[in-house]
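Working through the structure, step by step
So you can see what is in the structure, the chains are spelled out below.
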2 protein chains.
Amino acid sequence: MGRSAMTFPAHGERPLSRKEGKAVTRTRLLDAALAILDDEGEAGLTTTSVTRRAGIAQSSFYVHFADMDDLVHALIDELTVRRLRQVREVRRQARTVPYDADALRATFRVPIQHAVEHPQIFRLLVRSRYDRSTALGEWSRAALEEDRRALVEDLHRAGMPRRTAAQRRRAAMVADGLAGLVEALVLGHLEGRYADVDEMIDVLMAFSTGYFPMLTDSPSAVEAIASAWKQLRASRR
Amino acid sequence: MGRSAMTFPAHGERPLSRKEGKAVTRTRLLDAALAILDDEGEAGLTTTSVTRRAGIAQSSFYVHFADMDDLVHALIDELTVRRLRQVREVRRQARTVPYDADALRATFRVPIQHAVEHPQIFRLLVRSRYDRSTALGEWSRAALEEDRRALVEDLHRAGMPRRTAAQRRRAAMVADGLAGLVEALVLGHLEGRYADVDEMIDVLMAFSTGYFPMLTDSPSAVEAIASAWKQLRASRR
DNA sequence: TGCCGCGCCGATAGGAGTATCGCCAACTCG
DNA sequence: CGAGTTGGCGATACTCCTATCGGCGCGGCA
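Overview of the structure. If you're wondering where the values come from, they're calculated on a predicted model, not measured in any experiment. (Residues numbered from 1 in each chain as written. Chains lettered and ligands numbered in written order. Predicted model: local features only at pLDDT ≥ 70, side-chain atom pairs only at ≥ 80, totals over all residues. Heavy atoms only, no water.)

Time to look at the relation of the copies chain B and chain A. Superposition of chain B onto chain A requires a rotation of 180° combined with a translation of 0.0 Å along the rotation axis, giving an RMSD of 0.1 Å. Interpreted geometrically, this transformation is the action of a two-fold axis. Counting the interface residues of chain B, we find that 100% of their copies in chain A are interface residues as well, pointing to one common contact surface. (Least-squares fit on C-alpha atoms with pLDDT ≥ 70 in both. Contact = heavy atoms within 4.5 Å.)

Rendered as structure tokens:
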């Protein structure tokens, strides 16, 4: 065997070409970076730690990336591509079926499944929004803002009024609230507290009935909330 | 003036005693640490950056703390004391009045006000939960778990059934959901999207009506959700 | 009033990380 | 088949951070 300490993953019969080998190493560096961000946060992300986890020498880092910023931007590009695929599926789900219980359940299920399948990406997204001075922080805030904007459009399309600034702000709050609900339960799942995704969606559906009255700009919105309280009081006698 | 580069804040007429001066410096170091965690995250937290922001020499750090871990634990102790005061107020609010609309609004308002008054602490709490390998991560997860446990107790006391593991899990999901709702809207406020706390609480109240049927372990819980859908469909014809 | 304690300081040694340099071996292509 | 390319490597210079050392000046106390 040559000088290299690298061991490639199983790759069929023939050895990798130079280009293929380089691409594999680059992918290992990106995967290593994502894993370290998940395990140790930005403080642990160094060329030394990334290359060690990727299984190459520290100086080999600079064959693939100009510096650490370059790696982080490459990671962001890759995460953005993956999220665009996910968001496209969520958008399709939200658009192609009428607004009923099954449709709403499906619009909850898609992001939950993505988060469950890619927990490192999910955690990086939700934790990075607090980073003030990093490219990851900017990426996360932009992604979450785009999610909110799209969800607000869904709510308006479903009937939530949008004529005044207060109405649009109300819709944005509902969108933020829905995202906060999903995030909280997904974290519960990832932290091992809730195993059953359908049970999670049941609770999300229950919370969601709370904003239904807002889907019509009518007195019934106020009446529905009053009615909910009345029913609660009645059921407790 | 003596050798020290320090400038004390205004402190009435008389100069500080030695003990007072030492306490002031220690407080400046803790405040500087919290500010740096907020601005730059754990990666920016070094003895050099903390002492520079506190306005003392780097080597003076070791007069007050054994090392950086010592400072972080001292910060955690201080944040824990402050949160105990806050949690006590929330507990009092949740206990001393009957379960009605005004009481529920108040139980939302207290944590929102604390977060709005202490945004750095709020952001540190919610961001640190993702830290796997830090004392701040452990502190945050413990604090949020305690919040969830107390909120679950509130829900059970308000009537949510607790006989089976599924019922307790359902209550925990509702508690997590409520926390997720509050956090999402508080972040919206801190990020400048929502200025009016009462408007935020209106939306929280609306979402909350969604879990009301769960407060009784009766067929009406299922009927209420079905009724909500029926009302939605009726209002859209 | 004088000595001691101590909070602050600058200088510094050692460690960790970044980025570069020069070399090697193997792949690629004409 | 041979020259050129290049991905990987070890060594290293430089920077930044941690932690210690010794000194200074001033507050505190007997």
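Now that the structure has been shown, the text picks up again.
Okay, the interface of chain B and chain A next. Tallying the contact residues gives 57 residues for chain B and 57 residues for chain A. Counting the surface lost from both chain B and chain A, the interface buries some 5,300 Å², and carbon and sulfur atoms represent 61% of this. Taking the shortest distance from any N to any O, the salt bridge between E191 of chain A and R129 of chain B comes out at 3.6 Å. Inspection of the chain B/chain A interface yields 18 residue pairs in polar contact (both at pLDDT 80 or more). At the level of elements, helix 1 (18-40), helix 5 (101-117), helix 6 (119-128), helix 8 (165-190), helix 9 (197-208) and helix 10 (219-235) of chain B are the ones that each hand at least two residues to the side of chain B that touches chain A. Of the residues forming the side of chain B that touches chain A, the biggest block, 15 residues, is contributed by helix 8 of chain B. Within the side of chain B that touches chain A, the residues separate by chemical class into 30 nonpolar, seven polar and 20 charged. (Buried area = accessible area lost by both parts, 1.4 Å probe. Salt bridge = Lys/Arg side-chain N within 4 Å of Asp/Glu carboxyl O. Polar contact = N/O pair within 3.5 Å; in protein donor to acceptor, adjacent residues only side chain to side chain. Helix = DSSP H or I, 4+ residues; strand = E, 2+ residues; numbered from the N terminus. Nonpolar A, V, L, I, M, F, W, Y, C, P; charged D, E, K, R; others polar.)

With that settled, consider the pattern of salt bridges. Per the stated rule, a full pass over the model turns up 36 salt bridges over all chains. Notably, a salt bridge pairs R132 of chain A with D39 of chain B, separated by 4.0 Å at the nearest N-O pair. Taken together, the positions of R132 of chain A in the loop between helix 6 (119-128) and helix 7 (135-157) and D39 of chain B in helix 1 put the pair across two chains. On the basis of relative accessibility, which here comes to 38%, the residue R132 of chain A falls in the partly exposed class. D39 of chain B sits in the partly exposed class, given a relative accessible area of 27%. A single salt-bridge network, built from bridges that share partners, covers D38, D39, R53 and R123 of chain A together with R132 of chain B. (Buried < 20%, exposed > 50% of the residue type's maximum accessible area, 1.4 Å probe, protein only.)

Bear in mind that shape data such as this cannot, by itself, settle questions of function.
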